[in-house]
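Reading the structure
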Amino acid sequence: MKRLGLALATFVIWGSIASTYYVCIIRGLCAPEEKKEVSSIKAVHLPTPLKKDIKSEIPLTDSISIKETKVIAIDTLKNVTADDLTLTNKPSSMIVVKEGGLNITYQNELIKSYTSNFRIYKSNDLVRIPLGIRDYGTILKQIMQEHNAELTIIGHYNEFETDATGVARAEQIRKLLYAASFPRKHIHIRAEKAKFKFNSYVFRGGIHFEFKPIDSIITFKKNNI
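Now for a look at the structure at hand.

Observations concerning the overall build of the protein chain
- Counting secondary structure elements, the protein chain contains five helices and nine strands.
- Every one of the 225 residues in the protein chain was classed for burial, and the buried ones make up 27%.
- Taking as baseline every contact in the protein chain between residues at least 6 positions apart, the subset at least 24 positions apart corresponds to 74%.
- Carbon together with sulfur atoms contributes 58% to the accessible area of the protein chain, which is approximately 16,200 Å² in total.

A closer look at the nonpolar core
- With 33 residues, the main nonpolar core has Ile 104, Leu 140, Leu 151, Ile 153, Phe 209 and Phe 211 as its most contacted residues.
- Counting only elements with at least two residues in this core, the list comes to strand E2 (102-106), helix H4 (133-146), strand E6 (149-157), helix H5 (163-179), strand E7 (187-195) and strand E9 (207-213).
- Broken down by element, the residue count for this core peaks at five residues, all from H4.

Examining the sheet that holds strand E1 (residues 95-96)
- Pairing is mixed across the open sheet formed by four strands, whose spatial order is E1-E7-E6-E9. The open sheet has two edge strands, E1 and E9, and neither has a second partner.
- Note that E6 and E7 share seven bridges and pair parallel. Residue pairing across strands places Ile 154 opposite Arg 190, the latter belonging to E7.

As for the side chain of Arg 174
- Looking at the secondary structure, you find Arg 174 in helix H5.
- The exposure class of Arg 174 is buried, given its relative accessible area of 18%.
- A distance of 2.6 Å separates polar atoms of two side chains, one belonging to Arg 174 and the other to Glu 171.
- Once you skip the residues sitting within four places of it in the chain, Arg 174 turns out to touch Ile 153, Ile 187, His 188 and Ile 189.

Here's the deal with H5
- Under the 1.5 Å per step criterion, the end-to-end length of H5 is 25 Å for 17 residues, consistent within 8% with the ideal 24 Å.
- Summarising the contacts, the buried residues of H5 are in contact with strand E4 (119-121), strand E5 (127-128), H4, E6, E7 and E9.
- With its phi angle positive at about 70°, Ser 181 sits one or two positions after the end of H5.

Remarks on the pattern of salt bridges
- Under the criterion given, the structure shown has four salt bridges.
- Among the salt bridges present, the one from Arg 174 reaches Glu 171, with a minimum N-O distance of 2.6 Å. Within this pair, Arg 174 and its partner Glu 171 are both found in helix H5, separated by three residues, close to a single helical turn.
- With its nearest N and O atoms 3.3 Å apart, the salt bridge here joins Glu 210 to Arg 190. Placement of the pair is Glu 210 in strand E9 and Arg 190 in strand E7, with a sequence separation of 20 residues.
- On the accessibility criterion, Arg 190 (33% relative accessible area) is partly exposed.
- Put simply, Arg 190, Glu 192 and Glu 210 are held in one network by salt bridges that share partners.

Focus on the environment of Ala 170
- By the element assignment, Ala 170 lies in helix H5.
- For Ala 170, a relative accessible area of 0% corresponds to the buried category.
- It is 8.2 Å that separates the C-alpha atoms of Ala 170 and His 156, two residues lying 14 residues apart in sequence.
- Leaving out residues up to four positions away in the same chain, Ala 170 has contacts with Ile 153, Ile 154, Gly 155, Ile 189, Arg 190 and Ile 207.

Considering unusual backbone geometry
- Unusually for a residue other than glycine, Gln 107 sits at a positive phi of about 50°.
- Looking at the secondary structure, you find Gln 107 in the loop between E2 and strand E3 (109-114).
- For Gln 107, a relative accessible area of 58% translates into the label exposed.
- Even without being glycine, Ser 123 reaches a positive phi, approximately 50°.
- Summarising the element assignment, Ser 123 is placed in the loop between E4 and E5.
- Exposure remark for Ser 123: the relative accessible area of 54% places this residue in the exposed category.

Cut-offs used in this document
Residues numbered from 1 in each chain as written. Predicted model: local features only at pLDDT ≥ 70, side-chain atom pairs only at ≥ 80, totals over all residues. Heavy atoms only, no water. Helix = DSSP H or I, 4+ residues; strand = E, 2+ residues; numbered from the N terminus. Buried < 20%, exposed > 50% of the residue type's maximum accessible area, 1.4 Å probe, protein only. Contact = heavy atoms within 4.5 Å. Areas by Shrake-Rupley, 256 points an atom, 1.4 Å probe, with all protein chains shown as cover. Core = buried A, V, L, I, M, F, W, Y, C linked by side-chain atoms within 4.5 Å. Pairing = 2+ DSSP bridges. Polar contact = N/O pair within 3.5 Å; in protein donor to acceptor, adjacent residues only side chain to side chain. Expected span 1.5 Å × (residues − 1). Salt bridge = Lys/Arg side-chain N within 4 Å of Asp/Glu carboxyl O.

Right, here's the structure in full:
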């Protein structure tokens, strides 16, 4: 009887082991369930949404900043370009010289007026003097002595000429004053660009006189004008 019970218990134990082996190992029903649970757990705990949020937030912020920076830079360049064009297209500061008689002034005060004037020629250094240099030299000397002022002779030239032409025109008048014994160190010349038009290659004007007071005394020789 005891042997029969032991045999029956052994058979039950062996049967349970065999059934477990058959179900788990051969059929593979136990392992897939564990894999499924593990994979499902991994899928639940993986921070996939967090990664997506981080990726979506960072590029979005950076792209906005870059776009705004580019827009600001472009607007700034547009403003600078507009300002530059405005400055470039501003009217020139050249003076306007009109035909007419010669006026000799000192510090905006009219000293002497002549109905005639010097004549200059288009793209030419020549200056025609309607009166003798003595007529002009007398008033120039008077201003220089009374106000103790140096004289500067200005030769005008227009936009179609060069400054060398203006200098040559002033130099021609200076040589005549040198010949009339004007003190050389107190006679200066310069060219000045001006707006004027030649009529048949001739313009009445183009020579201007300016005076500047100095500390030293200006003297003339006995044979001066």
